[in-house]
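# Summary of the model geometry
Okay, here's what each chain looks like letter by letter:
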Amino acid sequence: MFRLTEFTDLDLHQLFNVSPNPYVIMDPELRIVGMNDAYLVVTNRTRQELVGRNMFEAFPSDPASASNRMLRQSFAKVLATGEVDHLPLIPYPIAGADGQMQERFWSATHSPMKNSAGEIVFILQHTVDVTDIHRLRSRLVDGGSLQAETDVLRRVDAVVGQNAALEAEREYLRTLFEQAPGFMAVLREPDHRFQIANSTYRQLVGREDLLGRTVREALPDLVGQGFYELLDQVYKSGVPYSAHAARVLLRPKPDHMPEEHFVDFVYQPIRNQEGNVTGIFVQGHDVTELRRAQEAARKNEYRFRTLAQSLPNHVWTASPDGRVQWCNDQILAYSGLTSFYFDAEVRSGIVHPDDNPNVEMRWNEALRTGRTFETELRVRRHDGVYRWFLSRAVPVSNAQGEIEFWVATNTDIEDQKNTETHLTNLAETLGHRVEERTIELERTQEVLRQSQKMEAIGNLAGGIAHDFNNLLQVVTGNLQLLSRELAGNATAERRINSALAGASRGARLASQLLSFGRRQPLSPKVVNLSRLIRDMDHLLRRSLGEAIEIDTIVAGGLWNTLVDTSNVENALLNLAINARDAMNGQGKLTIELGNAYLDDEYARRTFDVEAGQYVMLAVSDTGTGMTPDILAKVFDPFFTTKPEGKGTGLGLSMVYGFVKQSGGHIKIYSEPGNGTTVRIYLPRAMEEEDVTVENSNAPATGGSETVLVVEDDDAVRDITVSLLTELGYRVLKARDADSGLAIVESGVPIDLLFTDVVMPGRLKSSDLARKAKERLPRLAVLFTSGYTENSIVHGGRLDAGVNLLSKPYTRETLARKIRQVLEQTREASIWSWKKEAAPAPAASGTPAPQAARPIRVLLVEDEALIRISTADFLQDVGMVVVDAGSANEAIGACGDQPVDILVTDVHLPEMSGLDLALKLRETWPALPVIFATGDRNVPGAENVQAMELLIKPYDYSQLESRIRSMVAAARA
């Protein structure tokens, strides 16, 4: 406030605190706002006791006393006229240092202090304590001395000088009154005549000619607005009147329309020394723009709150210093609170405790910088559940850039956070899956490379073995013939036997190569390996020696498996010998048999393995074990860790090829110093165990029948002809299938066709055999080959009804096989002749049975390639096939003609295979059914009679066998 004097802080300090004259400053309400030190000394008071208090409260006196009236009238005059007023002498009691009231006399000067608009904003009182002068004058009146009078006059001169100075100050304050920003006027007499009016007042009312005129004369546009009446009331009652934002209509010029104004004003009665009202001091401010701004603000706030209440979000506002002022109902409804508050220091009770530090830090930062506040936080719901919200507050500033308040919203982002969390987890999971898939792919690629390598080596080994077998066949046959010619020559016989032993060893090597390349012809049978292992116990103990402890463990309920038993025996013997060598001839060998299931996950991670049920054969040793680099190469042909000359490196290769050719899986577990375990998994067979009959010990005899030998290799053909001739047979020979067929068609009698499988020319050996059988129905057929990728071996297994003699073979093996095939053919011919020669039944008896008609198969498969290939095979083996791609097509295709058996997939369009079977059995109740499917069972078919399950992929010979056996049973 002191800056209105246009002095610096240092000047004011010197003016008030250095000046020896007492000064006090009051506002128009006579509240003390400041004083200098001299005033405090004179009044015996402190600033804390005086500042902010009314002058008459700080220095109380009797309101009816002359001194009280004189002082009030002086103040009123200054406020009314804006001019300086003097009180040469005024008695006014004041408390002394001891707190007792003392009668004092004062000389006071009251000067108005005006602002730039001429309005009085303060009153400066300069007081001089003249108590001593007054008492001296009183004594002089009563007869004092001349010296005393002289002293009084000197004191009076001093007072006059001081008053002159005060007059200058009074003029300055009058200027301030005129320049005060608020409007001011002094009205005298009961009719309210203008004595003073500052420029702000004149501008407000739009008049300059106010002084000396009454309010009713000067301002006729106030008629009917109640202001005249208020002035009259204040003058009569002496009670001040104040109003805030009072509406007034003023006409700035007579020809103008009234203008609306809003003013804050006070009517303050002015009293004389006797306390009578002599006028009214009018002071106030034009708050029209403020009122309009406030009204606009109220409207805006109403609109804002209405909008905020209609929003689903939480909305709140805060003061510039961060104190919450208001919130919408959504916050209260969500939180269950009746009020909502926080500030820069007080935390909100509904924010999650873990989020409070972050919220407090960000809120204080926003308050300090004036930047937007934004953060994510958890807010407690009325039921105690915390949900994620995005809280955002923006500052609203005025034209000067000062923040007036903050507007904020809380937006529920719980679902978004959950989605983000889900996406994050999904991304992490996807990343892990991609990583796992990449690792799995790399592993699969490595397994595939290994498999391709093994396949390539197998193809090479098979091709070599084929040519090698042909060479061995020539060598073996000639050596056997030569041994008969040199009988009795001991030296020659010894050398021939050594050569035969070498050829036999070469034959075993070729057989191992074929086994590794999965090219050896297998004769699988349904067996229970427990019996086979038990039968081999003596052989194993004799082969391994007494220093090897053998422990055999067979699980209960062991399943059957379809496997070539001789290859199982060879594989087990190979593994046992390898284990013996790894244990240096001393240790423990454990043989385990059990049921196993390889699941889909294992099959997915392992190349060339199908999920399903297996019979597991495990061989474990306590030997030295193997390192990972050796494990990676154990199945490679000719790889061995044994010393040179101690092994061919084909043992495990043969086991690997046999297991894979049998549809199984092999796995080796080994660590250096912890021994090795080899696990072989062979597919489970659902059929009963086959009964095997061994006739390998039958004597090797010859005969007199005619044999047609068809062989493209000249050397093999010549030695075979020589061996058969030496055995007593009549022999015809041909170099290819076309030549052989020409001999058959010449009409010469032939008892047995002995033909190689793989030969050049347009005609295959299988076609030669079929055409020869058509011309000579009782012809016996025996195939020979050193390679099995040919027309009579499918899936590594001989076709049904086919006889094969593998190269190389000995004279005894050839003799026994020739006699076996001739005897089988002769027995079949005799049975057929008896059936044809059976007498016809009597006329009154039952009709004679007709010749067996071809089997009529209804094949239903929606996969076209499977349907076509299966139909071709069944037709090739002499069956009549009615094929269909769906159930409805199958029903329409068979029509009224009966079928002998239904072979169907389970999952078909339109209806399932089970429903189709039940539908057809409405017409043919005894119809046998084979479900050929990839499923392990057919739900709902548990109680269906004459039904079998064939799991894909299946062997065609197995399908043929099932069809023939089921049809035979049905016809019987």
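Residues numbered from 1 in each chain as written. Predicted model: local features only at pLDDT ≥ 70, side-chain atom pairs only at ≥ 80, totals over all residues. Heavy atoms only, no water.

## Re the overall build of the protein chain
Scanning the protein chain from terminus to terminus reveals 29 helices and 36 strands. By the burial criterion, 44% of the 972 residues in the protein chain qualify as buried. Sequence separation of at least 24 residues holds for 60% of the intrachain contacts in the protein chain that already meet a minimum separation of 6. Surface summary for the protein chain: the accessible area is close to 50,400 Å², and the carbon and sulfur share equals 53%. (Helix = DSSP H or I, 4+ residues; strand = E, 2+ residues; numbered from the N terminus. Buried < 20%, exposed > 50% of the residue type's maximum accessible area, 1.4 Å probe, protein only. Contact = heavy atoms within 4.5 Å. Areas by Shrake-Rupley, 256 points an atom, 1.4 Å probe, with all protein chains shown as cover.)

## A closer look at the sheet that holds strand 6 (residues 105-114)
Strand pairs in the sheet, formed through backbone hydrogen bonds, run parallel or antiparallel to each other. What the 5 strands build is an open sheet, ordered 2-1-7-6-3; its pairing is antiparallel. Two strands in the sheet have a free side with no partner beyond their single neighbour: strand 2 (32-35) and strand 3 (85-91). Between one strand axis and the next, the sheet turns through 25° on average, direction left out of account. Pairing of strand 1 (residues 23-26) with strand 7 (residues 120-129) involves 4 bridges; the strand directions are antiparallel. For I25, the partnering residue across the bridge sits in strand 7 and is L124. Sheet strands touched by helix 5 (residues 66-81): strand 1, strand 3, strand 6 and strand 7. Its angle to strand 3, the strand with the most contacts, is close to 170°. (Pairing = 2+ DSSP bridges. Axes fitted to C-alpha atoms, helices over the stretch in contact; angles between N-to-C directions.)

## Remarks on the pattern of salt bridges
Applying the stated rule across the entire model yields 40 salt bridges. Taking the shortest distance from any N to any O, the salt bridge between R323 and D321 comes out at 2.9 Å. Overall, D321 belongs to the partly exposed group, its relative accessible area being 41%. Among the ionic contacts, a cluster of salt bridges with common partners joins E745, D767, R770, E774 and R775. (Salt bridge = Lys/Arg side-chain N within 4 Å of Asp/Glu carboxyl O.)

## Let's talk about the confidence of the model for the protein chain
Detailed reading of the predicted model is not advised wherever pLDDT is low. On average, residues of the protein chain score 80 in pLDDT, and 80% of them are at 70 or above. Contacts for the low-pLDDT stretch residues 1-12, under 50 throughout, to residues beyond four places or in other chains number 17 contacts. (pLDDT = per-residue confidence, 0-100.)

## Structural notes on the nonpolar core
A general tendency of soluble globular proteins is for nonpolar side chains to be buried together. Of all hydrophobic cores here, the largest spans 40 residues; its most connected members are L529, L540, L589, I591, I666 and I680. The element best represented in this core is helix 18 (residues 565-582), accounting for 7 residues. What I666 contacts, discounting residues up to four positions off in sequence, is F635, V655, Y656, V659, V678, R679 and I680. Core analysis: the second largest hydrophobic core is formed by 33 residues, I32, V78, W106 and A180 among them. (Core = buried A, V, L, I, M, F, W, Y, C linked by side-chain atoms within 4.5 Å.)

## Here's the deal with the sheet that holds strand 27 (residues 752-756)
Taken in spatial order, the 5 strands make up an open sheet running 26-25-27-28-31, and their pairing is parallel. A strand with exactly one partner marks an edge of an open sheet, and here the two such strands are strand 26 (730-734) and strand 31 (804-806). Strand-to-strand twist across the sheet, computed as the mean angle between neighbouring axes with direction ignored, equals 20°. The pairing of strand 25 (residues 706-710) with strand 27 spans 4 bridges and is classified as parallel. Bridge pairing in strand 27 links V710 to T755.

## So, the packing of helix 23 (residues 737-745) against helix 24 (residues 765-775)
Direction vectors running N to C along helix 23 and helix 24 enclose 5°, while the axes themselves pass 10 Å from each other. Our classification of the angle between helix 23 and helix 24 gives roughly parallel. Note on element contacts: helix 24 touches helix 23 through L768, K771, A772 and R775, opposite A737, G740, L741, V744 and E745. Considering only residue class, the contact of helix 23 with helix 24 consists of 5 nonpolar, 1 polar and 3 charged. (Parallel < 35°, antiparallel > 145°, perpendicular 65-115°, else oblique. Nonpolar A, V, L, I, M, F, W, Y, C, P; charged D, E, K, R; others polar.)

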